[in-house]
Amino acid sequence: MTWSHHPKASARNRGPPSRRSAAAVGRRLELLGLSREAADVFDRLRELRDRAAHRATDVTPVAARDFVDSCLTLAREIEALADR
């Protein structure tokens, strides 16, 4: 089941995620059962992405790798929501 078809997802939020803000997606994931810790990681990743988009010279290779690793960890937790 995709998260947009989850019973707790409202009809108003069923469009593709790209049509909603990342903050709104994070709130919906938390409502669907994402842990508070994972929601905090989601928020930090969103903030880091926003900073990097406006100041690309501030992103080091180590920071980029950490970002990718954090995204993969978060993705695994989000995928686990569908198995519930």
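Because the structure is predicted, anything quoted here is derived from the model rather than measured.

Visitor: Just checking my understanding: could you explain the pattern of salt bridges for this structure?
Guide: Once their charged atoms are close, side chains differing in charge can pair, the charge on each being opposite to the other. By the definition in use, this model includes six salt bridges. Note that Asp43 is salt-bridged to Arg36, the shortest N-O span being 3.8 Å. Accessibility expressed as a relative area gives 25% for Asp43, which makes it partly exposed. Here Arg65 and Asp69 are joined by a salt bridge, their closest N and O atoms 2.8 Å apart. Here the residue Arg65 and the residue Asp69 both occupy positions in helix 3 (residues 61-82), the gap between them amounting to four residues, near one helical turn. On the basis of relative accessible area, Arg65 is assigned to the partly exposed category, the value being 47%. The exposure class assigned to Asp69 is partly exposed, which follows from its relative accessible area of 33%. What emerges from the salt-bridge pattern is a single network uniting Glu30, Arg36, Asp40, Asp43 and Arg46.

Visitor: Any chance you could explain the packing of helix 2 (residues 36-54) against helix 3 here in plain terms?
Guide: If you want to describe how two helices pack, look at the angle between their axes and the distance between the axes. For the pair helix 2 and helix 3, interaxial distance at closest approach is 10 Å and the crossing angle is 145°. When you trace helix 2 past helix 3, the crossing you get is left-handed. Counted together, Ala38, Val41, Phe42, Leu45, Leu48 and Arg49 of helix 2 and Phe67, Ser70, Cys71, Leu74 and Glu77 of helix 3 form the full contact between these two elements. Of the residues that constitute the contact of helix 2 with helix 3, the class distribution is eight nonpolar, one polar and two charged.

Visitor: Got a minute to help me understand helix 1 (residues 22-31) in this structure?
Guide: Residues three or four positions apart in an α-helix share a direction because the helix packs 3.6 residues into each turn. Considered for burial, the residues of helix 1 that qualify are Ala24, Val25, Gly26, Arg28 and Leu29. Where helix 1 is buried, its residues touch helix 2 and helix 3. The positive-phi residue at the C-terminal boundary of helix 1 is Gly33, with phi of around 120°.

Visitor: Explain the packing of helix 1 against helix 2 here, please?
Guide: It is at 10 Å that the axes of helix 1 and helix 2 come closest, and there the two elements cross at 175°. Here helix 1 lies roughly antiparallel to helix 2, going by the angle between them. Of the residues in helix 2, those in contact with Ala22, Ala23, Val25, Gly26, Leu29 and Glu30 of helix 1 are Arg36, Ala39, Phe42 and Arg46. For the contact of helix 1 with helix 2, the residue count by class is six nonpolar, one polar and three charged.

The rules behind the values
- Residues numbered from 1 in each chain as written.
- Predicted model: local features only at pLDDT ≥ 70, side-chain atom pairs only at ≥ 80, totals over all residues.
- Heavy atoms only, no water.
- Salt bridge = Lys/Arg side-chain N within 4 Å of Asp/Glu carboxyl O.
- Buried < 20%, exposed > 50% of the residue type's maximum accessible area, 1.4 Å probe, protein only.
- Helix = DSSP H or I, 4+ residues; strand = E, 2+ residues; numbered from the N terminus.
- Axes fitted to C-alpha atoms, helices over the stretch in contact; angles between N-to-C directions.
- Left-handed = near helix turned anticlockwise from the far one by under 90°.
- Contact = heavy atoms within 4.5 Å.
- Nonpolar A, V, L, I, M, F, W, Y, C, P; charged D, E, K, R; others polar.
- Parallel < 35°, antiparallel > 145°, perpendicular 65-115°, else oblique.

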